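Coordinates in review
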Amino acid sequence: RRHFLLGYADRTLGLRIPEKNRREGEVLRQRLQKLGLWRKSGHEHFTGCLIVPLMDIGGGVVGLYGRRIGPVAKGSPHHLYLPGPHRGLFNPKAFESEEIILCEAILDALTFWVSGFRNVSCIYGTEGFTDELWEEILHRKVKRVRLAYDADEAGNRAAERDAKRFLAHGIEVYRVKFP
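Let me begin by describing the structure that accompanies this report. (Residues numbered from 1 in each chain as written. Predicted model: local features only at pLDDT ≥ 70, side-chain atom pairs only at ≥ 80, totals over all residues. Heavy atoms only, no water.)

Some points on the pairing of strand S2 (residues 49–55)
Within S2, seven of the seven residues are buried, which leaves the element mostly enclosed by the surrounding structure. Residues Cys-49, Ile-51, Pro-53 and Met-55 point to one face of S2 and Leu-50, Val-52 and Leu-54 to the other, with burial holding for every one of them. Both strand S1 (residues 7–8) and S2 contribute to a ladder of two bridges, which runs antiparallel. Of the residues in S2, the one forming a bridge with Gly-7 is Ile-51. Alignment of S2 against strand S3 (residues 61–68), held across seven bridges, turns out to be antiparallel. In the sheet register, Met-55 faces S3, and the bridge partner there is Val-61. (Buried < 20%, exposed > 50% of the residue type's maximum accessible area, 1.4 Å probe, protein only. Helix = DSSP H or I, 4+ residues; strand = E, 2+ residues; numbered from the N terminus. Pairing = 2+ DSSP bridges.)

Here it is as C-alpha cells:
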C-alpha cells in the first residue's frame with residue numbers, strides 16, 4: 001500500500017473540507033472540481049474506488065486511476081480516471097530495468113508486483129498505450145518487453161499491434177501466455 005500510495009475513496013472527502021456555504025469551502029470545492037475529483041453534483045468522482053496515483057518519471061503525481069470495489073451499478077464504469085487524456089506511469093521504477101513486463105491494466109501489474117516482479121508497468125486498457133509510456137521506454141533504452149495482456153480477442157489484437165511497434169524499434173518482445 002505504501003509503495004504505490006494506494007488509497008480508497010469512501011465518500012468522506014466532503015466531510016473533511018469546510019461546508020460549501022463558507023467561502024473557503026466553496027473555493028476548495030471549485031478547485032477539486034477543476035481537478036476532476038469533485039463532481040458538479042456534489043459527489044466525489046472516485047467514490048467506492050481503490051485509488052492508484054499515476055506518476056511522472058520524477059515521482060510526482062500527475063494522474064489518478066480508480067477501480068471500483070464491490071457491486072457496481074448497471075452502466076457505471078469499473079475503471080475511472082481524471083478527465084482528459086491519460087497521464088502518468090504506473091511504477092516508474094520499472095523503467096530502470098532493461099526488461100519490463102507490460103500488462104493491460106493496473107491491477108494486473110499490481111498482481112505481478114506483489115508476486116515479486118518489480119519491473120512491471122501497464123497500459124490503460126487495450127487502447128491505452130500512451131505517448132508518455134512509449135517515450136519512457138525509448139528514453140530508458142528498454143531492451144526487452146514481455147507483454148502480459150489478457151488472453152482475449154482485445155488483448156491478442158493489442159499484443160500483435162504493440163509487438164510490431166517494439167520490433168520496429170529493435171526491442172525484443174515476448175508474449176506471456178495465460179490460460
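Some details on the layout of surface pockets
With a probe scaled to a water molecule rolled over the atoms, the places where space remains empty come into view. Within this model, the largest pocket holds a volume of roughly 310 Å³. Around the largest pocket, the lining is made up of 14 residues, and of these Ala-9, Leu-37, Glu-44, Ile-51 and Leu-64 lie nearest the centre. Residue assignment for the lining of the largest pocket shows that the elements contributing at least two residues are S1, helix H1 (13–16) and S3. Residue composition of the lining of the largest pocket, grouped by class: eight nonpolar, three polar and three charged. (1 Å grid on protein atoms, 1.4 Å probe; cavity = no way out; pocket = protein on both sides within 12 Å on 5 of 7 lines; lining within 4 Å. Points joined across faces, edges and corners; volume = space filled by probe spheres on them. Nonpolar A, V, L, I, M, F, W, Y, C, P; charged D, E, K, R; others polar.)

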